[in-house]
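One-letter residues, chain by chain:
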Amino acid sequence: PEWPSLSLDILPDRHLGDNRTRFPHTVTMVVGSQADKKGLNKLTVLRMSDLCRIPGSGREKTEKELDDEMLGEEWKHEDDEDDDEDSSSEEEEEEELDPVLEHYSFPHPSGGINRVRVCPHNRDIVGCWGDGGTVSLYDVGGALDVLDRSSTGANSRKKNESNSANAAMVGAPPPRKMKKEPFFVYSGHATEGYAIDWSRVTPGRLATADCRGNIHIWNAAHPVLPNDIAAQYKKKTKDPWSSSSFAVEPTYAAHGENLDHPSVEDLQWSPNEATVLASGECGGIVRIYDVRCPGKAMISNKIHKSGADVNVIAWNRLVSNLLASGGDDGAFSVWDLRNFQSPDPSKSPKPLARFHSHRTPITSLEWHPTDESMIAVSDDHGTYIYDLSIEEDDPDNHRNEEEADGGGVEGEIPPQLLFVHSGSEMTKEVHWHPQIPSCVATTSFSGFSVFIPSNL
């Protein structure tokens, strides 16, 4: 893409399988542009294939190689030479491959794209928050069909190997028609916004919020799951996605102590409750809503005494009582929602952990999809991987008041920090790939990065 992107999201692959560990990798994602002119903005589907290890980055050492380092070169297994030849040939084969980038763009004439989110129950549907104050839904299924049939990747060129992706294409229907325009455009918000999130419990349920504190709840008017759509429209030529596919209801307005700066910066649906929603807002406020009770929040807390904005929040999908928040002051915290309501309204709840090592605002948070204690964090300077299960050795037990409240010492590198990815300028969003273990994708002013931390 010609322009930088504030936001990206991962598009799951339909035919390549889960838990993919063998190189080369293929990653598909959707990004939204921030062009200098309103009419030049696009929603783009990117397919990156033949992604290999960076030459010289090395691979994880085998047990035999570790023994060799400790015992010396004269200590050798008889079959070491064959193993070394096999591993070196695999590395050479990886290094010879050039990465391939394919893309298809959809025009977004209403302005720059603030945030994009893929529907978790149907990867064909992508929601976009635009800086023109509209929320647009796109059907990218036609573009994905074309990319799925592409034969430029290494997996389709290798010989003497089974290729489940190509096998899945045999007998498949022809690619669907490309739809360049959004099938649903909603202009009911009073101004632009950034907060948008799909429910993982209720198919087709979406929440959007704007910079004036208004939260709107969307519900699909027809089936959303691909199998349900195929069953209902089996003998019909009508396209199920249209301007009547969703019903949108303004559910919450700005309220409480935050009326001067009511902007809702982020939204997260509960991973296991269909009606529970969390919001991160300006003024350091986090609220918990139940959409069965419109008009008011169930819980509301000012988590930052300084009033620093809550830029992003992330709900742990494996441990549903854990919520992470990242602030404009560079601190990010982890909260236990079972103890989130403080008995004394004048006092803020205490976090389970709080980290002050970042010098710039936190721009993105996401929990690892399979490791409940690992989280990816980004700020303007880079991307950071934390493992919160690591405990600091403190035999003298010298802790100041700030540390006793769950925080670390400002400026110190915490022991929970496992990995730092630098080199990008103004990183804005980070996501784990759900099908490639520990693979991370980021977007920044300087471009996109896809990597697997060397120590994971």
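Residues numbered from 1 in each chain as written. Predicted model: local features only at pLDDT ≥ 70, side-chain atom pairs only at ≥ 80, totals over all residues. Heavy atoms only, no water.

Engineer: Explain the overall build of the protein chain here, please?
Structural biologist: Check the secondary structure of the protein chain and you find 6 helices and 27 strands. Among the 456 residues that make up the protein chain, the fraction classed as buried is 49%. Relative to all contacts within the protein chain whose residues are 6 or more apart in sequence, the contacts with residues 24 or more apart total 61%. Accessible surface computed for the protein chain: about 22500 Å², of which carbon and sulfur atoms make up 48%. (Helix = DSSP H or I, 4+ residues; strand = E, 2+ residues; numbered from the N terminus. Buried < 20%, exposed > 50% of the residue type's maximum accessible area, 1.4 Å probe, protein only. Contact = heavy atoms within 4.5 Å. Areas by Shrake-Rupley, 256 points an atom, 1.4 Å probe, with all protein chains shown as cover.)

Engineer: Where do I start with the layout of surface pockets in this structure?
Structural biologist: Using a probe with the size of a water molecule, rolled over the atoms, empty space left in the structure can be pinpointed. For the second largest pocket, the calculated volume is near 1100 Å³. Elements supplying a minimum of two residues to the lining of the second largest pocket: strand S1 (5-10), strand S5 (113-118), strand S9 (195-198), strand S13 (264-269), strand S17 (310-315), strand S21 (362-367) and strand S25 (427-432). Counting residues per element, the lining of the second largest pocket draws most heavily on S21, at 6 residues. Looking at side-chain class alone, the lining of the second largest pocket contains 24 nonpolar, 10 polar and 13 charged residues. (1 Å grid on protein atoms, 1.4 Å probe; cavity = no way out; pocket = protein on both sides within 12 Å on 5 of 7 lines; lining within 4 Å. Points joined across faces, edges and corners; volume = space filled by probe spheres on them. Nonpolar A, V, L, I, M, F, W, Y, C, P; charged D, E, K, R; others polar.)

Engineer: Just to check I follow, could you spell out the sheet that holds strand S6 (residues 125-130) for this structure?
Structural biologist: Two orientations exist for strands paired in a sheet by backbone hydrogen bonds: parallel and antiparallel. Spatially, 4 strands are ordered S5-S6-S7-S8 in an open sheet, and the strand pairing comes out antiparallel. Each edge of the open sheet carries a strand with a single partner, namely S5 and strand S8 (184-186). Taking each pair of neighbouring strands and ignoring which way they run, the sheet shows an average axis angle of 20°. Examined bridge by bridge, S5 and S6 share 5 bridges and lie antiparallel to one another. Residue pairing for S6: arginine 117 is matched across the bridge by glycine 127. (Pairing = 2+ DSSP bridges. Axes fitted to C-alpha atoms, helices over the stretch in contact; angles between N-to-C directions.)

Engineer: Please clarify how the sheet that holds strand S14 (residues 276-281) should be interpreted in this entry.
Structural biologist: Overall, antiparallel pairing links the 4 strands, which are arranged S13-S14-S15-S16 in an open sheet. The open sheet has two free edges, formed respectively by S13 and strand S16 (299-302), since each of these has just one partner strand. With direction set aside, neighbouring strand axes in the sheet form an average angle of 15°. Here 4 bridges tie strand S15 (residues 285-290) to S16, and the two strands are oriented antiparallel to one another. By the bridge assignment for S16, arginine 287 is matched with serine 300.

Engineer: What is the right way to read the side chain of asparagine 311 from this model?
Structural biologist: Inspection of the secondary structure assignment puts asparagine 311 in strand S17. One polar contact links the side chain of asparagine 311 to the main-chain carbonyl oxygen of isoleucine 362, over a distance of 3.1 Å. Setting aside chain neighbours within four positions, we find asparagine 311 in contact with Glu265, Asp266, Gly326, Gly327, Asp328, Pro361 and Ile362. (Polar contact = N/O pair within 3.5 Å; in protein donor to acceptor, adjacent residues only side chain to side chain.)

Engineer: Help me understand the nonpolar core, please; the structure alone is not making it clear to me.
Structural biologist: What tends to happen in soluble globular proteins is that the nonpolar side chains get buried as a cluster. Of all hydrophobic cores here, the largest spans 17 residues; its most connected members are Leu137, Phe183, Phe184, Trp198, Trp218, Trp241 and Phe246. If we ignore the near neighbours within four places in the chain, the residues touching phenylalanine 246 are Leu137, Phe183, Phe184, Trp198, Gly204, Trp218, Asn219, Ala220, Ala221 and Trp241. (Core = buried A, V, L, I, M, F, W, Y, C linked by side-chain atoms within 4.5 Å.)

Engineer: Explanation requested: the packing of aromatic side chains in the structure shown.
Structural biologist: Two aromatic rings are characterised by how far apart their centres lie and by the angle between their planes. Going through the model one piece at a time under the given rule, you end up with 15 aromatic pairs. For the ring pair phenylalanine 332 and tyrosine 386, a centre distance of 4.9 Å and an interplane angle of 65° mean the geometry is edge-to-face. With phenylalanine 332 in strand S19 (residues 332-336) and tyrosine 386 in strand S23 (residues 382-387), the pair connects residues that are 54 residues apart, well separated along the chain. Relative accessible area serves as the criterion here: at 0%, phenylalanine 332 is assigned to the buried category. An angle of 80° between the planes, with centres 5.7 Å apart, marks the rings of tryptophan 335 and phenylalanine 340 as edge-to-face. Residue class for phenylalanine 340 comes out buried when judged on its relative accessible area of 1%. Ring pairing ties together the aromatic residues Phe183, Phe184, Tyr186, Trp198, Trp218, Trp241 and Phe246, which thus form one cluster. (Phe/Tyr/Trp six-rings, centres within 6.5 Å; stacked < 30°, edge-to-face > 60°.)

Engineer: Would you mind going over the pattern of salt bridges with me for this structure?
Structural biologist: Opposite charge on two side chains permits pairing when their charged atoms draw close. Summed over all chains, the structure comprises 14 salt bridges. In this structure, glutamate 429 and arginine 117 form a salt bridge, with 2.7 Å as the shortest nitrogen-oxygen distance. Note that glutamate 429 is positioned in strand S25 and arginine 117 in strand S5, a separation of 312 residues in sequence. Pair check on accessibility: glutamate 429 and arginine 117 agree, each one buried. Here the salt bridges do not stand alone but share partners, grouping Arg14, Asp124, Asp145 and Arg176 into one network. (Salt bridge = Lys/Arg side-chain N within 4 Å of Asp/Glu carboxyl O.)

Engineer: Help me out: how do you make sense of the environment of alanine 376 in this one?
Structural biologist: Looking at where alanine 376 falls in the secondary structure, it is placed in strand S22 (residues 374-379). You can call alanine 376 buried: its relative accessible area is 0%. Linking alanine 376 and glutamate 366, residues 10 residues apart in sequence, is a C-alpha distance of 5.3 Å. Beyond its immediate sequence surroundings of up to four residues, alanine 376 is in contact with Ser364, Leu365, Glu366, Tyr384, Ile385, Val430 and Trp432.

Engineer: Honestly, the pairing of strand S10 (residues 206-209) in this entry has me stumped. Any pointers?
Structural biologist: Sheet faces and side chains relate simply in a regular strand, where the side chains alternate between the two faces. Along S10, one buried face is formed by Leu206 and Thr208 and the opposite face, lined by Ala207 and Ala209, is buried too. The sheet contact formed by S9 and S10 spans 4 bridges and is antiparallel. Bridge pairing in S10 links isoleucine 196 to threonine 208. Hairpin connection between S10 and strand S11 (residues 215-220): a loop of 5 residues separates the two successive antiparallel strands, and glycine 213 in this loop has a positive phi of roughly 85°.

Engineer: I would appreciate a short explanation of empty space enclosed by the protein in the present structure.
Structural biologist: Applying the stated criterion across every chain, the model contains 2 cavities of 30 Å³ or more. Roughly 40 Å³ of internal volume is contained in the second largest cavity. Forming the walls of the second largest cavity are Gly213, Ala253, Ala254, His255, Pro262, Glu281, Arg287 and Tyr289.

Nothing here speaks to function; it is all geometry.
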